[in-house]
Amino acid sequence: MSAQVVPTKSNLLAAKKSLNLSRTGYELMDRKRNILIREMMALIDRASALQDSIDVTYEEAYKALQMANITMGISSEMALTIPEENGLNLAYRSVMGVELPMVALEKKETPIAYGLHSTNGLLDQAYMKFNRVKELTAELAEVENSVYRLADAIKKTQKRANALKNIMIPRFESTVKYITDALEEKDREEFSRLKVIKRQKEEVLEG
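Rules of the game
- Numbering of residues starts from 1 in every chain and runs along the sequence as written.
- Local features in a predicted model are, by the rule used here, given only for residues with pLDDT of at least 70; side-chain atom pairs are given and counted only at 80 or more, and totals for whole chains, interfaces and linings are based on all residues.
- Hydrogen atoms and water are omitted, and side-chain values are computed over all heavy atoms in the structure.
- Each helix corresponds to a stretch of at least 4 residues labelled H or I by DSSP, and each strand to a stretch of at least 2 residues labelled E; elements are numbered beginning at the N terminus.
- Accessible area is worked out with a 1.4 Å probe on protein chains only. A residue is then buried under 20% of its type maximum, exposed over 50%, and partly exposed in between.
- Here, nonpolar core means buried Ala, Val, Leu, Ile, Met, Phe, Trp, Tyr and Cys residues that are tied together by side-chain atoms lying within 4.5 Å of each other.
- Note on definitions: a residue-residue contact is assigned when non-hydrogen atoms from the two residues lie within 4.5 Å.
- We define a salt bridge as a side-chain nitrogen of Lys or Arg found within 4 Å of a carboxyl oxygen belonging to Asp or Glu.
- Two strands pair under a simple rule: DSSP has to find at least two bridges between them.

## Describing the environment of Lys186
Counting through the fold element by element, Lys186 comes out in helix H3 (residues 121-206). Given the relative accessible area of 54%, Lys186 is considered exposed. The sequence separation of Lys186 and Pro7 amounts to 179 residues, and the corresponding C-alpha distance is 9.6 Å.

Structural data, given as structure tokens:
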């Protein structure tokens, strides 16, 4: 690129401006990447804790359901009385321009939907545990989707930062050096030419 640029002062100023913009762009990309990485690592830790809670709650729920089935028979008919969940809401928050989902499950009373005369506390316990799993799963969906979006944004940001650092900045540095060297050489030649002219004038005057 530098060999194709006419070595003028205006082109030197333009090249220096582009170089400064590229360096500033790289710093911003690097800062953005670091912020996104910190956000993602925090969410990964949260996702791991949520998954552990879901596993434990599921295990407790199935144990309670198993004991309910043992004490009162298979409870499949009771399951049909559970209402469909329609309180799931989705919004977004922005982190360095990356839209991250916010999944919210409406907090509401969880009434027992089945009759109490033919059930016992074990089935109630299973019901409450599975309801808790539902809440944790909604939260985990938010976190895992956010991690995926952040990872994708980090990859794109890293790619742009690398392009600036390894391609654009060296290219503009080379252009600035080429024009600077060419202008300095031109100045030296002009200085030498003026010295020759001065000496010739002095010789003419002395002659």
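## Here's the deal with the nonpolar core
Residues Leu36, Val98, Val143 and Leu150 are the most contacted members of the largest nonpolar core, which totals 16 residues. Among the elements of the structure, helix H1 (9-72), strand E2 (98-105) and H3 are those that each provide at least two residues to this core. For this core, the element with the most residues is H3, which contributes seven residues. Sequence-distant contacts of Val98, defined by excluding residues within four places in its chain, comprise Leu36, Arg93, Arg149, Leu150 and Ala153. Core analysis: the second largest hydrophobic core is formed by nine residues, Val5, Ala15, Val176 and Leu183 among them.

## So, the pattern of salt bridges
Applying the stated criterion across every chain, the model contains 12 salt bridges. Glu39 is the partner of Arg93 in a salt bridge, and the nearest nitrogen-oxygen pair spans 2.9 Å. Of this pair, Arg93 sits in strand E1 (residues 88-95) while Glu39 sits in helix H1; the two residues are 54 residues apart in sequence, bridging distant segments of the chain. By relative accessible area, which is 28% here, Arg93 ends up partly exposed. Overall, the relative accessible area of 22% leaves Glu39 in the partly exposed class. For Lys156, the salt bridge identified is with Asp152, shortest N-O distance 3.4 Å. With Lys156 and Asp152 both in helix H3, this residue pair falls four residues apart, about one helical turn. On the accessibility criterion, Lys156 (44% relative accessible area) is partly exposed.

## Quick word on the pairing of E2
The sheet contact formed by E1 and E2 spans eight bridges and is antiparallel. In the strand pairing of E2, Asn89 is matched with Ala104. As consecutive antiparallel partners, E1 and E2 are separated by two residues, and within that stretch Met96 has a phi angle of approximately 50 degrees, a positive value.

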